[in-house]
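The chain contents come next:
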Amino acid sequence: MSGLGAILRSSCGEFETTRVLGTAGAALYSLAAHALLVFDTLGRGHAFDLATYCAAYPGGLVMLIGTAGGVAALKDRQVARSRAIDRENAA
């Protein structure tokens, strides 16, 4: 298993809600931010401010990816800890 399918699966091999929603949210953020920027610039006639764009867009994307990745890592760590405890109790 490789590619996006491997990224979206948990350690059990099933699709994980956190990873799927995080990926979908990052894709939606990328598309919506640029669509709204085009609408604001062309539709409303506002000036495009490159400095504001370069400061705001990457920060939001980093927060989105970091949060989704952190939650998935925390869940994986807790599942691994639970499995280790189960193995200790079974022995």
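Assigned secondary structure in the protein chain consists of 3 helices and 0 strands. Starting at the N terminus and walking to the C terminus, you meet the elements of the protein chain as α-α-α. Against the globule reference of 12 Å for 91 residues, the protein chain gives a C-alpha radius of gyration of 19 Å, more extended than a compact globule. Over its C-alpha atoms, taken along the principal directions, the protein chain stretches across nearly 70 × 25 × 20 Å. Just so you have it, the protein chain exposes about 6600 Å², and 68% of that area is on carbon and sulfur atoms. With 8 positive and 7 negative side-chain charges, the protein chain shows a spacing of 5 Å between the two charge centroids.

Moving on: the pattern of salt bridges. Pairs can form between side chains of opposite charge whenever their charged atoms are close. Applying the stated criterion across every chain, the model contains 4 salt bridges. With a shortest N-O distance of 3.8 Å, K75 and E16 are connected by a salt bridge. You can see K75 sitting in helix α3 (residues 50–90) and its partner E16 sitting in the loop between α1 (4–7) and α2 (17–43), a full 59 residues away along the chain. For E16, a relative accessible area of 6% puts it in the buried group. One salt bridge in this structure joins R44 and D40, with 3.9 Å as the shortest N-O distance. Taking relative accessible area as the criterion, R44 reaches 55% and is therefore assigned exposed. Note on D40: relative accessible area 26%, which makes it partly exposed. Here the salt bridges share partners, and the residues they tie into one network are E16, R19, K75 and D76.

Where α2 contacts α3, the axes come no closer than 9 Å and their chain directions differ by 170°. Of the possible angle classes, the one that applies to α2 and α3 is roughly antiparallel. Between α2, through T18, R19, G22, G25, A26, Y29, S30, A33, H34 and L37, and α3, the contact on the second element is made entirely by Y53, A56, Y57, G60, L61, L64, A68, V71, A72 and D76. A per-class count over the contact of α2 with α3 returns 12 nonpolar, 6 polar and 2 charged.

Here we take up α2. For an α-helix, the turn length of 3.6 residues means that residues three or four places apart are oriented alike. Spanning 27 residues, α2 covers 36 Å between terminal C-alpha atoms, matching the ideal 39 Å at 1.5 Å per step. Turning to α2, its buried residues number three or more, namely R19, G22 and A26. Packed against the buried residues of α2 are α1 and α3. Once α2 ends, the next one or two residues include G45, with phi positive near 80°.

Cut-offs used in this document
- Residues numbered from 1 in each chain as written.
- Predicted model: local features only at pLDDT ≥ 70, side-chain atom pairs only at ≥ 80, totals over all residues.
- Heavy atoms only, no water.
- Helix = DSSP H or I, 4+ residues; strand = E, 2+ residues; numbered from the N terminus.
- Rg over C-alpha atoms; globule rule 2.2 N^0.38 Å.
- Areas by Shrake-Rupley, 256 points an atom, 1.4 Å probe, with all protein chains shown as cover.
- Lys, Arg positive; Asp, Glu negative; His and termini not counted.
- Charge placed at Lys NZ, Arg CZ, Asp CG, Glu CD.
- Salt bridge = Lys/Arg side-chain N within 4 Å of Asp/Glu carboxyl O.
- Buried < 20%, exposed > 50% of the residue type's maximum accessible area, 1.4 Å probe, protein only.
- Axes fitted to C-alpha atoms, helices over the stretch in contact; angles between N-to-C directions.
- Parallel < 35°, antiparallel > 145°, perpendicular 65-115°, else oblique.
- Contact = heavy atoms within 4.5 Å.
- Nonpolar A, V, L, I, M, F, W, Y, C, P; charged D, E, K, R; others polar.
- Expected span 1.5 Å × (residues − 1).

Everything listed here is a matter of geometry and, on its own, says nothing about what the molecule does.
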